[in-house]
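Fold and geometry: a report
Chain residues, written in single-letter form:
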Amino acid sequence: MTDPADSRALVSLTLSFRPLANQIGPLRSLLSDLCRPHLADPDGLSRLLLAAHELLENIVKYSVGEAAEFHLHLEAKTSGLRVRLRTKNRAAPERMADARWRLDALARAGDPIAHYDELIRESAGRRDVSGLGLARIPAESEMELYYTTDRDWLIVTAEGNASKRVSE
Amino acid sequence: MSELSLTAVGGEGFQVTPTLVDFNLRLVFTGNGDMNATSVVHEYLKAVHEEALRLGLAQVSCDFKQLTFMNSSCFKSFVVWIDTVKISEIRYQIVFLTNPNLPWQRRSLEALRRLAATLVTIETIA
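Cut-offs and rules
Residues numbered from 1 in each chain as written. Chains lettered and ligands numbered in written order. Predicted model: local features only at pLDDT ≥ 70, side-chain atom pairs only at ≥ 80, totals over all residues. Pairing = 2+ DSSP bridges. Helix = DSSP H or I, 4+ residues; strand = E, 2+ residues; numbered from the N terminus. Axes fitted to C-alpha atoms, helices over the stretch in contact; angles between N-to-C directions. Contact = placed C-beta atoms within 7 Å. Buried ≥ 20, exposed ≤ 12 C-beta atoms within 10 Å, placed from the backbone.

**Description of the sheet that holds strand 6 (residues 120-124) of chain B**
Residues and elements named next belong to chain B. The strand order across the open sheet formed by 6 strands is 1-2-3-4-5-6, and the pairing between neighbours is mixed. With partners counted over all chains shown, the strands left at the sheet margins are strand 1 (9-11) and strand 6, one partner each. Across this sheet, the average inter-strand angle for adjacent strands is 20°, counted without regard to direction. As paired strands, strand 2 (residues 14-21) and strand 3 (residues 24-33) are joined by 8 bridges and run antiparallel to one another. Each bridged residue has a counterpart across the sheet, and for F14 the counterpart in strand 3 is G31.

This is how it looks when you write it as structure tokens:
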């Protein structure tokens with residue numbers, strides 16, 4: 001059944017798939033092709049694609065089990081275009097705990113750029129995992145990032161203003 | 001001055017090509033810095049630092065004009081590299097040459113400049 005919100009969407013895409021690293025590039029190209037006609041400035045598209053890329057890599061790296069979901073919703077509002085990106089994947093307990101810790105820290109941070117800079121300084125001496133992908137989204141894409149959980153499912157949403165709308 | 005021992009690396013989808021002019025090493029990044037490029041970037045930047053010290057370089061320039069995207073893992077490799085230079089007794093300048101048509105570059109690289117403002121410079125190339 002179609003969500004009523006989808007009928008207002010300029011782009012609405014929901015994908016259920018087994019995430020693989022080599023799928024991210026083609027998916028990114030698809031998202032770019034779908035959204036570019038509606039976005040007035042390249043910066044808005046660039047921010048959207050950055051957030052999508054980091055979320056998609058996140059599910060490739062950390063999902064367990066076969067299924068994961070990716071959702072994009074681009075909608076016109078009076079203030080401009082609003083974008084919502086959402087991933088849903090099953091996560092191992094340690095990964096779930098780590099993601100919750102990172103996302104809770106992000107939610108508590110008053111300034112996403114200052115928080116990102118702090119994480120960068122902390123990560124500089126560590127040679128292991130990046131740990132910067134999620135924090136990069138609010139800092140560079142200017143989107144709000146939040147999450148919910150449902151048993152071992154992690155649902156991460158990035159939401160924000162994409163840009164001014166292309167005149168019709 | 002010794003010859004450059006670094007060679008081009010990468011494959012389909014991502015490459016780094018070095019050239020040495022006087023004491024300035026220029027690294028041209030091409031393609032998409034995604035998950036497939038992460039280990040290449042990490043190992044290459046370690047080699048760049050060793051080469052910079054060996055040759056006594058004054059500057060390393062990273063030309064991103066043809067770099068369409070860089071993920072957070074590749075970005076982290078630059079964080080580690082810059083931090084290594086920052087704490088090194090012998091330092092050199094790091095210049096990022098950005099493409100104005102790829103807006104993510106300026107946003108991402110500003111974070112690296114904030115990490116080491118005295119070492120890192122960002123310039124726009126036409």
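**Observations concerning the sheet that holds strand 5 (residues 153-163) of chain A**
Residue and element names in this part refer to chain A. Strand order across the open sheet formed by 5 strands is 1-2-3-5-4, with antiparallel pairing between neighbours. Each edge of the open sheet carries a strand with a single partner, namely strand 1 (9-17) and strand 4 (144-150). Adjacent strand axes in the sheet meet at a mean angle of 10° when their direction is disregarded. The strands touched by helix 5 (residues 133-141) are strand 4 and strand 5; relative to strand 4, the strand with the most contacts, the crossing angle is about 145°.

**Here's the deal with unusual backbone geometry**
One non-glycine residue, R151 of chain A, lies in positive phi territory at about 55°. Although it is not a glycine, D22 of chain B adopts a positive phi angle of roughly 55°. Within the element layout of this structure, D22 of chain B appears in the loop between strand 2 and strand 3. On the neighbour-count criterion, D22 of chain B (9 C-beta atoms within 10 Å) is exposed.

Interpretation in functional terms is not warranted from these geometric data alone.
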